[in-house]
Amino acid sequence: MGDISAASKQILEELKNLYINKILPVEEATSYNSFGHSPLNAGEFDSPPLVLLVGPYSAGKTTFIEHIIGKTFPGQRVGPEPTTDKFCAVLHGKEERVIPGNALTVAPGTPFKGLQMFGNNFLTRFEGSQVDADILRNMTLIDSPGVLSGDKQTLGRSYSYNEVLNWFAERSDMIILLFDVSKLDISDEMSSAIKILQKYSDKIKVVLNKSDQIEHQQLMKVYGALLWSLGKVIDTPEVTRVYIGSFWSEPLKNEDTAPLLEAEMADLLRDLGSLPRLGAVRKINDVVKRIREIRTHAVLLDYLRNQMPSMFGKEKKKQELLNDLPNVFRTVMKLNNLSVGDFPDLNKFKSEVEALNFEELPKINGSRMKNGKRIVEMDQALEIDIPGMLNRIPGIERRGADKKSSL
């Protein structure tokens with residue numbers, strides 16, 4: 001597995017300082033965290049890449065982790081029925097032990113502080129499993145509860161599974177969707193989870209697990225059926241890459257498909273091995289996306305504030321704006337030349353903003369934004385500072401760097 005280079009570590013340190021000095025102040029001035037976005041903490045820049053595992057129960061997520069790290073881990077639960085009822089972070093440590101969720105969110109050097117926003121109901125269903133395995137020096141694996149069908153997915157959980165899943169997906173370097181070769185039906189609940197992950201489609205790898213249990217011809221049929229099912233849920237023009245394998249400690253059962261499965265499994269392991277080298281690029285990509293979304297958030301609040309009358313009819317105007325939010329979004333997008341992909345979910349934004357006093361929303365050029373200085377600094381981070389960091393990352397192609405302008 002590749003280690004992160006000294007140059008990448010230096011760039012991650014600079015990115016952390018850039019976030020603290022030029023991006024976080026805009027988040028604080030616009031109450032960005034009140035709209036469901038916890039601030040990034042130092043551990044999210046300093047810790048190894050995160051790999052999130054998602055799938056129906058009994059798809060083999062826990063045994064996949066056991067296969068990757070080469071040993072069992074404290075607190076693991078394996079069985080044919082739903083067993084993993086918690087989110088579990090499998091991370092490196094000399095002393096092998098289970099760490100309760102509340103303790104893990106305040107442990108130095110970990111990226112989990114932001115999970116405190118989900119409260120104790122979730123934190124009692126979150127834990128860390130500390131394992132002395134070399135591969136975990138370069139990545140942390142997140143084992144998620146199996147996605148259940150019907151009311152069991154929500155009634156038995158005292159926290160929002162989808163919101164927690166989105167939190168992990170946003171911060172993960174890779175998301176692995178696992179499916180059992182004998183249980184391909186994608187339930188409505190699984191479809192809902194995949195739709196949440198869709199905006200992170202560049203991070204997603206799909207694994208058709210336990211593939212050594214069926215013959216070659218049947219395997220090809222199952223592979224095609226999975227592609228067809230995923231195509232109805234993942235709305236992208238590209239065909240989803242599906243890795244065929246059987247990730248557990250036992251030898252492959254089928255000699256006919258063994259060479260194919262071994263090659264596919266090796267491909268996925270190589271992709272996992274590349275994460276430390278690409279960690280700086282991924283983190284920069286996530287910060288760039290965050291800057292664009294924060295800027296959109298700031299100009300939305302600025303627009304709503306500027307539409308308010310100075311004297312009479314304030315509540316009426318506020319209600320008109322709330323009822324006309326789709327047009328407000330379109331107007332703000334055109335006025336500021338923004339992308340539709342940078343806008344928040346309309347219903348979620350409405351539920352948060354309607355509780356606020358529109359007359360107190362921050363103005364782009366107001367005192368809380370240092371008379372416009374804050375947004376200018378954040379724009380400079382996006383246009384100058386971050387491109388400079390990318391140019392110094394080893395192995396990044398610099399297109400046109402040695403070409404003279406044709407103008």
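Structure: above.
The paragraphs below set out a description of the structure included in this document.

Quick notes on the rules
- Residues numbered from 1 in each chain as written.
- Predicted model: local features only at pLDDT ≥ 70, side-chain atom pairs only at ≥ 80, totals over all residues.
- Heavy atoms only, no water.
- Pairing = 2+ DSSP bridges.
- Helix = DSSP H or I, 4+ residues; strand = E, 2+ residues; numbered from the N terminus.
- Axes fitted to C-alpha atoms, helices over the stretch in contact; angles between N-to-C directions.
- Contact = heavy atoms within 4.5 Å.
- Core = buried A, V, L, I, M, F, W, Y, C linked by side-chain atoms within 4.5 Å.
- Buried < 20%, exposed > 50% of the residue type's maximum accessible area, 1.4 Å probe, protein only.
- Lys, Arg positive; Asp, Glu negative; His and termini not counted.
- Salt bridge = Lys/Arg side-chain N within 4 Å of Asp/Glu carboxyl O.
- Polar contact = N/O pair within 3.5 Å; in protein donor to acceptor, adjacent residues only side chain to side chain.

The strand order across the open sheet built from eight strands is 3-4-2-5-1-6-7-8, with neighbouring strands paired in mixed fashion. Of all the strands in the sheet, the pair left with one neighbour each is strand 3 (97-100) and strand 8 (242-244). Strand-to-strand twist across the sheet, computed as the mean angle between neighbouring axes with direction ignored, equals 25 degrees. Summarising the sheet, strand 1 (residues 50-54) and strand 6 (residues 174-180) pair through four bridges and their orientation is parallel. When the sheet's bridge partners are listed, Leu 53 is paired in strand 6 with Ile 176. Helix 7 (residues 161-171) contacts strand 1, strand 2 (87-92), strand 4 (126-131), strand 5 (140-143) and strand 6 of the sheet and is inclined by roughly 145 degrees relative to strand 1. Lying on the sheet, helix 10 (residues 258-273) is in contact with strand 1, strand 6, strand 7 (204-209) and strand 8; it crosses strand 8 at an angle near 125 degrees.

This part is about the nonpolar core. In terms of nonpolar packing, the biggest core is built from 73 residues, with Val 54, Ile 69, Phe 112, Phe 122, Phe 126, Phe 168 and Phe 179 touching the most fellow members. Once residues within four sequence positions are removed from consideration, Phe 168 is found in contact with Leu 52, Phe 87, Phe 112, Leu 115, Phe 122, Phe 126 and Ile 142. Formed by 45 residues, the second largest nonpolar core is a distinct cluster that contains Leu 321, Val 328, Phe 343 and Ile 393.

Secondary-structure assignment places Lys 318 in helix 12 (residues 314-323). It is Glu 315 that comes nearest to the buried, bridge-free Lys 318 among opposite-charge side chains, at 5.0 Å. A distance of 2.7 Å separates the side chain of Lys 318 from the backbone oxygen of Leu 356, its partner in a polar contact. Leave out the neighbours within four places in its chain, and Lys 318 touches Met 308, Glu 354, Leu 356 and Phe 358.

Let's shift gears to the pairing of strand 2. For strand 2, the buried fraction is high: five of the six residues fall into the buried class. Here strand 2 pairs with strand 4 via six bridges, running parallel. Looking across to strand 4, one finds that Val 90 is bridged to Ser 129. Pairing of strand 2 with strand 5 involves three bridges; the strand directions are antiparallel. Across the sheet, residue Ala 89 finds its bridge partner in strand 5, namely Ile 142.

Take the pattern of salt bridges next. A complete count under the given rule lists 26 salt bridges for this structure. Between Arg 374 and Glu 377 there is a salt bridge, with its nearest N and O atoms 3.8 Å apart. Taken together, the residues Arg 374 and Glu 377, both in helix 15 (residues 373-390) and three residues apart, mark about one turn of the helix. Look at Glu 377 and you get buried, because its relative accessible area is 16%. Residues joined in a network through salt bridges with shared partners are Glu 27, Glu 44, Glu 170, Arg 171 and Arg 290.

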